Amino acid sequence: MTDSSDYQKLRAHLAFLRMTAAAEALPAHLDHAAKAKLTHFAFLERLLAVEVDAVDERRKMSLARFASLPSPFTLADFDFSAQPSVDPKLIAELATLRFVEDATNVLFIGPPGVGKTMLAVGLGHAAVAAGMRTYYTTAAELAACCHRAALEGRWTTTMRFYAGPGLLIIDEVGYLPLPAEAAAALFQVVSQRYLKGSIALTTNLGIASWGNVFNGDPMIAGAMLDRLLHRSVVVNIDGDSYRMRSHRARADATRRATAAGAAIT
Ligand code: ADP
Ligand code: MG
């Protein structure tokens with residue numbers, strides 16, 4: 001058998017196994033192996049590493065698409081000096097993602113604009129980078145999706161969908177009051193993930209006022225909080241809104257500039 005027919009067979013094997021990156025890299029790697037007198041081990045390891053990297057990259061891209069994270073900001077973009085109520089050590093610990101491994105929930109609680117979504121989404125990016133299945137939704141979106149699923153007879157598959165990701169981010173719980181049906185859907189999502197998968201949740205409501213979101217139903221609010229808090233990290237953020245901060249800084253600068261202008265004239 002000639003070298004060239006072996007080569008053709010090897011190309012065919014790689015094509016059959018859909019190892020396109022390895023197939024593309026094959027000629028250059030064969031050349032290099034011959035020149036550098038690589039062992040069979042070393043050659044095969046290097047060729048497979050090309051394919052492993054390509055598959056890993058594709059997997060990360062597909063995880064990132066699936067996650068639907070609404071902004072590109074990562075935890076590294078968070079300015080801790082602007083928000084002294086957030087403990088950088090706690091966020092660094094969360095960034096290790098150990099909380100996802102033991103199905104701990106993270107609750108970000110605070111008024112609008114303090115960085116709750118940014119931190120939850122930052123955790124989402126870290127989880128995707130670590131190869132974890134992650135999904136972002138708002139409470140309102142989740143409610144609408146469950147409502148459609150109920151109408152279209154897809155309730156079971158939809159519940160299975162929300163049970164799937166290792167990390168489920170539920171943003172903006174409490175901004176809109178949830179009708180009874182939506183509250184029940186959210187409750188079921190939280191219940192079925194209990195002790196199995198993490199939820200990172202953001203809310204503007206202090207825990208004491210959760211009864212108000214769930215259609216004034218304190219039973220469902222209490223049962224949901226029990227499950228959410230049993231194994232959880234609560235991040236209370238009570239600083240100023242970051243958006244307002246930059247507005248204020250701009251307004252102050254404008255005022256100073258105008259005042260200076262006024263003083264000259
Ligand atoms: P929340 O969800 O609490 O309402 P967001 O996370 O949406 O607040 O933050 C509002 C805006 O301010 C976003 O554009 C966010 O990226 C930015 N932001 C908030 N806090 C910080 C911070 N500490 N460092 C950098 N940007 C921040
Ligand atoms: Mg938000």
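In this text the structure is predicted, and so the values were computed from the model without any measurement. (Residues numbered from 1 in each chain as written. Chains lettered and ligands numbered in written order. Predicted model: local features only at pLDDT ≥ 70, side-chain atom pairs only at ≥ 80, totals over all residues. Heavy atoms only, no water.)

Draft legend 1. Region of interest: the overall build of the protein. Tallying secondary structure elements over the protein gives eleven helices and five strands in all. Computed over C-alpha atoms, the radius of gyration of the protein comes to 26 Å, more than 25% over the 18 Å expected from 2.2 N^0.38 for 265 residues, which places it beyond the range of a compact globule. With the C-alpha coordinates aligned to their principal axes, the bounding extent of the protein is approximately 80 × 70 × 35 Å. Counting the 265 residues in the protein, one finds 36% classified as buried. When the accessible area of the protein is evaluated, it comes to approximately 15,000 Å², of which 60% is carbon and sulfur surface. In the protein, which carries 27 positive and 25 negative side-chain charges, the distance between the mean positions of the two groups comes to 2 Å. (Helix = DSSP H or I, 4+ residues; strand = E, 2+ residues; numbered from the N terminus. Rg over C-alpha atoms; globule rule 2.2 N^0.38 Å. Buried < 20%, exposed > 50% of the residue type's maximum accessible area, 1.4 Å probe, protein only. Areas by Shrake-Rupley, 256 points an atom, 1.4 Å probe, with all protein chains shown as cover. Lys, Arg positive; Asp, Glu negative; His and termini not counted. Charge placed at Lys NZ, Arg CZ, Asp CG, Glu CD.)

Draft legend 2. Fine view of the side chain of D171. Considering the arrangement of structural elements, one finds D171 in strand 3 (residues 167–173). For D171, which is buried and forms no salt bridge, the nearest opposite charge comes from K116, at a distance of 7.0 Å. A polar side-chain atom of D171 sits 2.9 Å from a polar atom in the side chain of T117. Among the polar contacts made by the side chain of D171, one reaches the side chain of Y136 at a distance of 2.7 Å. (Salt bridge = Lys/Arg side-chain N within 4 Å of Asp/Glu carboxyl O. Polar contact = N/O pair within 3.5 Å; in protein donor to acceptor, adjacent residues only side chain to side chain.)

Draft legend 3. Just the nonpolar core, in detail. If you look at the biggest cluster of nonpolar residues, it comprises 30 residues, and the most contacted ones within it are I170, W210, F214 and L228. For this core, the secondary-structure elements that each account for two or more residues are strand 1 (105–109), helix 7 (139–151), helix 8 (155–163), strand 3, helix 9 (180–193), strand 4 (198–203) and helix 10 (218–230). Of all the elements, helix 9 adds the most residues to this core, at six residues. Non-local contacts of I170, meaning those with residues more than four positions away in its chain, are made with T137, T138, A139, L142, L186, I199, A200, L201 and T202. Formed by 28 residues, the second largest nonpolar core is a distinct cluster that contains L94, F99, A127 and L167. (Core = buried A, V, L, I, M, F, W, Y, C linked by side-chain atoms within 4.5 Å. Contact = heavy atoms within 4.5 Å.)

Draft legend 4. Structural context of the pairing of strand 2 (residues 134–138). Among the five residues that make up strand 2, five are buried, leaving the element largely enclosed by the rest of the structure. Residues T134, Y136 and T138 line one face of strand 2 and the alternating positions Y135 and T137 line the opposite face, and both faces are buried. Looking at chain direction, strand 2 and strand 3 are connected through five bridges and run parallel. The residue bridging T137 from the neighbouring strand is I170, located in strand 3. (Pairing = 2+ DSSP bridges.)

Draft legend 5. Looking closely at the packing of aromatic side chains. Inspection of the entire model under this criterion finds six aromatic pairs. Taken together, the ring pairs in this structure connect F66, Y135, F161 and Y162 into an aromatic cluster. The ring of F66 has R133 sitting right over it, with the charged end atom 4.0 Å from the ring centre. (Phe/Tyr/Trp six-rings, centres within 6.5 Å; stacked < 30°, edge-to-face > 60°. Lys NZ or Arg CZ within 6 Å of the ring centre and 35° of its normal.)

Draft legend 6. Spatial organisation of the environment of A130. When you line up the elements, A130 lands in the loop between helix 6 (116–129) and strand 2. A relative accessible area of 49% places A130 in the partly exposed class. Each C-alpha atom of the pair A130 and T96 lies 9.4 Å from the other, and the pair is 34 residues apart in sequence.

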